[in-house]
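Each chain is listed here by its residues.
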Amino acid sequence: MASKTQKDIEKLYDHARVANEELGAVKTTLEVVKNDVAWLKKGFWWIVGGSLTTAIATILNLIK
């Protein structure tokens, strides 16, 4: 009985090792995606800033 339990424990450790290796790859992949999206955030703020500036200029021209 102890040998079956020992085999089961060894299988669980193997599964845990594989899961850790795969999650490490996923973490690395997510870091790459995070870095790739950084330019999008900067572009978003440029567009929002330009739109707000245009809206304020339009309102000021309507007031004149």
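One can find the structure itself at the top, above this paragraph.
Now for a quick tour of the structure. Bear in mind that the values here come from a model prediction, so they are computed numbers and not experimental data.

## Considerations on the packing of aromatic side chains
For any pair of aromatic rings, the description consists of the separation of the ring centres together with the inter-plane angle of the planes.
Step number 1: One pass over the full model with this rule turns up one aromatic pair.
Step number 2: Here Phe 44 and Trp 45 contribute two aromatic rings whose centre-to-centre distance is 5.1 Å and whose plane-to-plane angle is 70 degrees, an arrangement assigned as edge-to-face.

## Some details on the pattern of salt bridges
Step number 1: In the structure shown here, the tally under the stated rule is one salt bridge.
Step number 2: Note that Asp 8 and Lys 4 form a salt bridge whose closest N and O atoms lie 3.5 Å from each other. With Asp 8 and Lys 4 both in helix α1 (residues 2-63), this residue pair falls four residues apart, about one helical turn.
Step number 3: Residue class for Asp 8 comes out partly exposed when judged on its relative accessible area of 34%.

About the criteria used
Residues numbered from 1 in each chain as written. Predicted model: local features only at pLDDT ≥ 70, side-chain atom pairs only at ≥ 80, totals over all residues. Heavy atoms only, no water. Phe/Tyr/Trp six-rings, centres within 6.5 Å; stacked < 30°, edge-to-face > 60°. Salt bridge = Lys/Arg side-chain N within 4 Å of Asp/Glu carboxyl O. Helix = DSSP H or I, 4+ residues; strand = E, 2+ residues; numbered from the N terminus. Buried < 20%, exposed > 50% of the residue type's maximum accessible area, 1.4 Å probe, protein only.

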